[in-house]
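Per-entry structural report
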Amino acid sequence: MTHELKVALRNLLKYKMQTAVTLIGWALGLACLALSAYWLRYEQTFDTGHPEADRLYFLAVQDSAGTVHGQFPASYCTQLNQQFPEVECATMINNMWWNVQLDSSVSLPCTYIDEKFLDVFRVPLIDGTKEFLYNPTFIALSESLARKLYGDSPAVGREISVDGRRLFVGAVIDNFKGHSNFNEDVLQYMTRGEDSNTGEYCLMRLVEDVEPDVLAHKINQVFKDKLSAREAFRLIPINQFRSELLTTQPVRTVYLRLFVLISSLIVLSILVNYYAFFSSRLRKRWREMAIRQVCGASLGRLFGLLMTEFLILLAGSVLLGFILLELLLPTFRERFMIPIQLEGLWIYMLLPILALWMGYVLLFLIFTRRTLRRNLSPSHSTLGNKINLTFQLTLTTLILFCVSVMTAQVNYLASEKSLGFEPRDRITLYCSQTEWQEIAALIRKQACVQQTLFGANLLNDYFMTFPITEWEEKEKNAPPVRVDYLWGDQTWMDFWEIRLLEGHVPTTAEAEKGYVLINETARHAFGWHDAVGKYFSDGTHQFRVAGVLQNFSVDILAPQAPFLLIRPGLSAFSAEEAQTTHCKSLLIKTEDGAVPELYQNLNALNPEISYISAAKIVEINLRSELLLLKLLWMAAALCVGVAVFCVYSLIALACEQRRKEIAIRKINGATTGDIWWMWCREYMLLWLLSLVVAFPAGYILMRRWLEQYVHQICIGAGYYAAVAIAIGLLVLLGMGTRVWKASRRQPADDIRIDS
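Here, residues in each chain are numbered from 1, in the same order as that chain's written sequence. For a predicted model such as this one, the threshold for reporting local features is a pLDDT of at least 70, and the threshold for listing and counting side-chain atom pairs is 80 or more; totals across whole chains, interfaces and linings nevertheless cover every residue. Each side-chain value is derived from all of the structure's non-hydrogen atoms; neither hydrogens nor water enter the calculation.

Let's shift gears to the overall build of the protein chain. In terms of regular secondary structure, the protein chain is built from 25 helices and 24 strands. Contacts between residues were defined by any pair of non-hydrogen atoms, one from each residue, lying within 4.5 Å. Looking at the protein chain alone, contacts between residues at least 24 apart form 80% of all its contacts between residues at least 6 apart. Looking at the protein chain as shown, the accessible area adds up to about 36300 Å², and 57% of this sits on carbon and sulfur atoms. The helix count covers DSSP runs of H or I at least four residues long, the strand count covers runs of E at least two residues long, and both are numbered beginning at the N terminus. Accessible surface area values rest on a Shrake-Rupley calculation with a 1.4 Å probe, where residue burial reflects the displayed protein chains alone.

What follows concerns the packing of aromatic side chains. For Phe, Tyr and Trp, rings pair up if their centres lie within 6.5 Å, where Trp contributes its six-membered ring, and each pair is then called stacked (planes under 30 degrees apart), edge-to-face (over 60) or tilted (otherwise). Counted by the stated rule, this structure contains 26 aromatic pairs. Judged by centre distance (5.4 Å) and plane angle (20 degrees), the rings of Phe121 and Phe176 are stacked. You can see Phe121 sitting in helix α4 (residues 117-121) and its partner Phe176 sitting in the loop between β9 (165-173) and β10 (186-189), a full 55 residues away along the chain. Across the pair, exposure class does not vary: Phe121 and Phe176 are buried alike. Among the aromatic residues, those joined into a ring-pair cluster are Phe72, Tyr76, Phe84, Phe223 and Phe233. A 1.4 Å probe rolled over the protein chains alone gives each residue an accessible area, and that area as a share of the maximum for its type sets the label: buried under 20%, exposed over 50%, partly exposed in between.

Okay, the side chain of Thr390 next. Topologically, Thr390 is positioned in helix α12 (residues 383-413). Excluding its chain neighbours within four sequence positions, the residues that come into contact with Thr390 are Leu686, Leu689 and Ser690.

This part takes up the pairing of strand β7 (residues 138-142). Within β7, 4 of the 5 residues are buried, which leaves the element mostly enclosed by the surrounding structure. For β7 and β9, the ladder comprises 5 bridges, and the chain directions are parallel. Its bridge partner lying in β9, Ser142 is registered against Ile173. Here a strand pair is declared whenever DSSP counts at least two bridges between the two strands. Looking at chain direction, β7 and β10 are connected through 3 bridges and run antiparallel. Residue pairing for β10: Leu141 is matched across the bridge by Val186.

This brings us to a negative patch on the surface. Grouping into patches uses exposed residues only, defined as over 30% relative accessible area, and leaves out salt-bridged ones; the cut-off is 9 Å for like charges and 5 Å for nonpolar side chains (Val, Leu, Ile, Met, Phe, Trp, Tyr). The term salt bridge refers to a pairing of a side-chain nitrogen on Lys or Arg with a carboxyl oxygen on Asp or Glu at a separation within 4 Å. For the purpose of counting charges, residues Lys and Arg are taken to be positive, whereas Asp and Glu are taken to be negative. His and the chain ends are not included. For the purpose of locating charges, the reference atoms are NZ of Lys, CZ of Arg, CG of Asp and CD of Glu. A cluster of acidic side chains, namely Asp54, Glu208, Asp209, Glu211 and Asp213, defines a negative patch on the protein surface. Mapped onto the fold, Glu208 is located in the loop between β11 (200-206) and α6 (212-222).

This paragraph deals with the pairing of strand β21 (residues 542-549). Two faces belong to every sheet, and in a regular strand the side chains alternate between them. Across the 8 residues of β21, 6 count as buried, placing the element largely inside the fold. Relative to β21, strand β19 (residues 515-519) is paired through 5 bridges, and the arrangement is parallel. Its bridge partner lying in β21, Leu517 is registered against Gly547. Adjacent in sequence and paired antiparallel, strand β20 (residues 535-537) and β21 are bridged by 4 residues, among which Gly539 carries a positive phi angle near 95 degrees.

If you look at the biggest cluster of nonpolar residues, it comprises 116 residues, and the most contacted ones within it are Trp492, Trp679 and Tyr683. Buried Ala, Val, Leu, Ile, Met, Phe, Trp, Tyr and Cys residues form a nonpolar core when they are joined through side-chain atoms within 4.5 Å. Ranked by size, the runner-up nonpolar core spans 26 residues in total, among them Phe58, Cys89, Ala171 and Tyr201.

Counting across every chain of the model gives 15 salt bridges. The shortest N-O distance in the salt bridge between Lys534 and Glu473 comes to 3.9 Å. In this pair, Lys534 is assigned in the loop between α17 (520-525) and β20 and Glu473 in the loop between β16 (470-471) and β17 (481-486), connecting sequence segments 61 residues apart. Residue Glu473 is classed as exposed on the basis of its relative accessible area, which comes to 53%. One network of salt bridges, with partners in common, ties together Glu52, Arg55, Glu88 and Arg122.

Looking now at helix α2 (residues 16-44). Given the number of residues in a helix, its expected span is that number minus one, multiplied by 1.5 Å. The end-to-end C-alpha separation of α2 is 42 Å, in line with the 42 Å expected for 29 residues at 1.5 Å each. Most of α2 is tucked away: 21 of the 29 residues are buried.

Next up on the list: a nonpolar patch on the surface. A cluster of nonpolar side chains, contributed by Ile24, Leu319, Leu320, Ile323 and Leu327, occupies part of the molecular surface with about 490 Å² of accessible area. When residues in the nonpolar patch are grouped by element, the largest group, 4 residues, is from helix α9 (residues 299-336). Locating Ile24 in the fold gives a position in helix α2. When its relative accessible area of 44% is taken as the criterion, Ile24 is described as partly exposed.

Before going further, it helps to spend a moment on unusual backbone geometry. Despite not being glycine, Arg122 shows a phi value in the positive range, around 55 degrees. Tracing the backbone shows Arg122 in the loop between α4 and β6 (125-128). Owing to a relative accessible area of 32%, Arg122 belongs among the partly exposed residues under this scheme. Notably, Asp425 is not glycine yet its phi reads approximately 60 degrees, a positive angle. Inspection of the secondary structure puts Asp425 in the loop between α13 (416-419) and β13 (426-430).

Quick look at the structure:
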């Protein structure tokens, strides 16, 4: 065993650069793959621990543009329970946060429920009665929270002060199995009006063997009067609730799958690169292995000799990968709220490790099938190395191209051209109707503030919505168009830098006669090509279009911009008007880059003021894309590093194998430039081949990725040229120094080398 270790360490140290790249590459690849695979599985297993979770579905509505929402009035749940025998039971549910007064004030998550909660979730009742299911003065606690608050003492009957209200613990229930989007720590019944939408979700348990698609079709038939022609009901499995209906998911599931794929490609890239060099080194050692066989070494002994080197590399990379994970996990847990443990990642490393071992065994089996005579004969085939180089260049080109397009798209989404308004250096401040003038006066005194305005806030979606039933040139049987109302005037438009596409901003006199501004989407919904001068009505008021605004929305990822309507004449925004409108936000514009300074000043004035930056909202909406870009740039950097090393090492190996050829060419009059051009021509063909394969694949992938966005960039020739030049320079960088050194050697020395 000592002999095997010495030989393995000697070979690893002989090729220091390859050993270092393999160790670091495997460590990063295995760490990324394990982390991303665990993360993806964690996101896909929310609420899968409930009894017969495959029968739990949320009711949702999806429009023709793909937008999904799932919050309904309680009457929907009542009708599902009464009119659909396919539904075993349905319940209304939602999460809230309470300020609970025990020994000290603490915030606890509360889930609002109705009387069907236990029937749907089938949670065992540990202590107490079911009175909390219909009496809002009683609550239920989970077993873990009850033990945390009261230890081994009984929790039932205890009094809790919540936001100044006296509530009593009526029951203790068992904890949910696994992780869930809904918190079972505190449950309270909430009284609901049948037709009031309190932002709750409708969850149902289906009868066994009921097809969800068939039930959804029936619901659409029964509830057809509740939807427009562009909308339809659908049923969403409970384990897809987080990705389909919630906006709290830090990274979208599709991006997690992409992260897993990229991590797998990194491992594959390092694997192919390692085996290419290992096979090259093995061919150089075939004579050594054959001599060992002649001297009596068994195949098992030879396999152990080669496997020792492999195991040292594998153990080092796994150890380095776990050290990297240990350093990253605290930040990962804090940022993404995932209770991941280091020991839980072992299983996700086993598959790539098994693939590494199988490849190693395959190469050894190839060696054992060769005869001693063939093993004793030298081999200088470079086909495998060229295939490896082409693969590395293709993968690097593909990732660089995709990262470049994604970066340009995300930058475009965050720009004014995509948003339709300017978010930079603008914040909105929420305040009560009685204090906004006082706060505005204090803010205007700040040196960094350029403008203040009390008006409609584009950063929320709490706009008044009404159906437009009649409009000019309306087609027969056309469904109503739901339009959001905003209040704003020319000052408000200038504040957000919203562009007028056609027409004019109506004067106050015109606004009093019903002249308004609509956006591009509203114009399209009404079927108008030229909207200026056209009329429409909501059944009570008749309006006439004075102009058309560019679409503007903070929801960058929405498949279609909302129908927005501007009524300029209602926005002088006096104190009296402010108290009667739904717009209660103070809009603040600062000097360039002065938002952090204003934040500090606002906190000093009043720490309880609630405010948010428009640019921050845009960043939040793009958090999945921004995180994906960081991961992709890390992957691209690793692939470029591997490709540079691959080119450098392959050229070095080829130069070593062709030293006699280079010497003979120099003797026959070839110059250094001639030799360099010979190598350049050969490897530039591999570069062109990689571009031919990578660019079409990259274009197809990016077109599909861009289809999810309303606003898209054009993949022009500049992206192809930039990536092609970058990869070409990479090849020249790895090739130049080695070929230059090989061409500058003395031919007489190389001629005497024994091949």
